[in-house]
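# Report on the structure
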Amino acid sequence: MKKVHVFNAGPCLLPQQALDNAIEAIKDFKGTGVSVLCISHRTKEWDEVMDETRALWKELLHIPEDYEVVFLGGGASLQFLMVAMNYLEKKAAYLDTGVWAKKALKEAKAFGDAYAIASSADKNYSYIPKGFEIPTDIDYLHITTNNTIYGTEIREDLDSPVPVIADMSSDILSRPVDVSKYELIYGGVQKNAGPAGAAFVIIKKDTLGKVSRYIPTMLDYKVHVEKESMFNTPPVFTILVMNETLKWLKSIGGVEAIDKINEQKAQLLYDEIDRNPLFVGTAAKEDRSRMNVPFVMAPGYEDLQDEFLAFSKEKGMVGLKGHRSVGGFRASLYNACSVEDVQALVDCMKEFEALKK
């Protein structure tokens, strides 16, 4: 089989160990003789998976005791709605850094006075806004820490006079996070934590149940915390693969270890983009994401875009086509993407350069 190097923006590349163990669970889950695809979520064997998965999240991110982790269907897009429904009483501010931040803000406007405190839309979201003042009369500040389409990332935990809620869909588990600085952290699991089909939500428990509106049962975080993510049938297979992915991450040294590897991968690719006269990055250098690296053909070489895409595909590169909002190319370097994968892309870029000299 031809070796391929997967740079898809999502669903993500998953560790081979997690895939292999998931395949075995499809055949026979924990020696029950039943496939995990058919297992009852009310069995002790499934309870063990749920308990272990929550414990792994808490261990890997050093989550404080007064927080809980829940797993919900619907992905991060449903969380845009649930966050506002559960936390927005009067007014909330959103940092507008791209498509997903904008969509989160749109949902919030249905529940109160939600507005963009700052935006980078003026330069096609190629940078992170800075120097904005956080008002003290808002219920929360919402940020999107990594912007998959535009390749920008907030890698510092903000000091804020008001509670911070963060969409960390695409950089969770890629670096250490001071969870205590957030009221809630959420995201789809399909970037670094597992396959598509679920969202993780890290919640400070004493912040729940404080809005005056009625919250439908399925949209109430308090219900899901109390029922340990099993108020209704959970996305069983997605959680099983997430469990295996977290075990893989722990086995290689956890978040602290992958943080160093991710820095190495990103530096390797950005160095080549900056060196190679055929390519240019699209995100401001000071705000470059380590998870998603968008780049385009340099001025004068634009007509080579399709040729490079075809060349890279022949060399085994998968998922390099950029989002239509930016164009060009995008390499997503999520946790399971290896240094060897990135080196293969760099070698491909160098080889293409040599052919065009």
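In short, a report on the structure. (Residues numbered from 1 in each chain as written. Predicted model: local features only at pLDDT ≥ 70, side-chain atom pairs only at ≥ 80, totals over all residues. Heavy atoms only, no water.)

### Remarks on the pairing of strand E5 (residues 141-144)
- Here E5 shows a buried face lined by Leu141 and Ile143 and a second buried face lined by His142 and Thr144.
- The pairing of strand E3 (residues 91-96) with E5 spans two bridges and is classified as parallel. Each residue of the ladder has a partner; that of Ala93, found in E5, is Leu141.
- Alignment of E5 against strand E8 (residues 164-167), held across four bridges, turns out to be parallel. (Buried < 20%, exposed > 50% of the residue type's maximum accessible area, 1.4 Å probe, protein only. Helix = DSSP H or I, 4+ residues; strand = E, 2+ residues; numbered from the N terminus. Pairing = 2+ DSSP bridges.)

### Notes on the packing of aromatic side chains
- Counted according to the given criterion, the structure contains 13 aromatic pairs.
- Judged by centre distance (6.2 Å) and plane angle (50°), the ring pair of Phe29 and Trp46 falls under tilted. Of this pair, Phe29 sits in the loop between helix H1 (16-27) and helix H2 (44-61) while Trp46 is found in helix H2, placing the two residues 17 residues apart along the sequence. Accessibility assignment for this pair places Phe29 and Trp46 in one class, buried.
- Where Phe308 meets Phe352, the ring centres are 5.1 Å apart and the plane angle is 65°; that geometry is what we call edge-to-face. In this pair, Phe308 sits in helix H8 (residues 305-314) while Phe352 sits in helix H9 (residues 339-356), placing the two residues 44 residues apart along the sequence.
- Looking at Phe352, the relative accessible area reads 1%, which means it is buried.
- What links up through ring pairs into an aromatic cluster is the set Phe279, Phe295, Phe308, Phe311, Phe329 and Phe352. (Phe/Tyr/Trp six-rings, centres within 6.5 Å; stacked < 30°, edge-to-face > 60°.)

### Concerning the side chain of His323
- Topologically, His323 is positioned in the loop between strand E13 (317-318) and strand E14 (329-332).
- One polar contact links the side chain of His323 to the main-chain amide nitrogen of Ser325, over a distance of 3.0 Å.
- Once residues within four sequence positions are removed from consideration, His323 is found in contact with Ile149 and Arg330. (Polar contact = N/O pair within 3.5 Å; in protein donor to acceptor, adjacent residues only side chain to side chain. Contact = heavy atoms within 4.5 Å.)

### Side note on the sheet that holds strand E2 (residues 67-72)
- Strand order across the open sheet formed by seven strands is E2-E10-E9-E8-E5-E3-E4, with mixed pairing between neighbours. The strands lining the two open edges of the sheet, one partner per strand, are E2 and strand E4 (113-119). Each adjacent strand pair in this sheet contributes to an overall mean axis angle of 20°, direction not counted.
- This element, H2, spans E2 and strand E10 (199-204) of the sheet and lies at about 125° to E2.
- Across the face of the sheet, helix H3 (residues 75-87) comes into contact with E2, E3, E8, strand E9 (184-188) and E10 while running at roughly 155° to E9. (Axes fitted to C-alpha atoms, helices over the stretch in contact; angles between N-to-C directions.)

### So, unusual backbone geometry
- Along the chain, Gly10 connects to Pro11 via a cis peptide bond; the corresponding omega equals -5°.
- Among the secondary structure elements, Pro11 is positioned in the loop between strand E1 (5-6) and H1.
- Even without being a glycine, Lys30 presents a positive backbone phi close to 50°.
- You can see Lys30 is positioned in the loop between H1 and H2.
- In this structure Lys30 comes out as partly exposed when scored by relative accessible area, which is 47%.
- Unusually for a residue other than glycine, Ser229 sits at a positive phi of about 70°.
- The residue Ser229 is located in the loop between helix H5 (221-226) and helix H6 (236-251) in this model.

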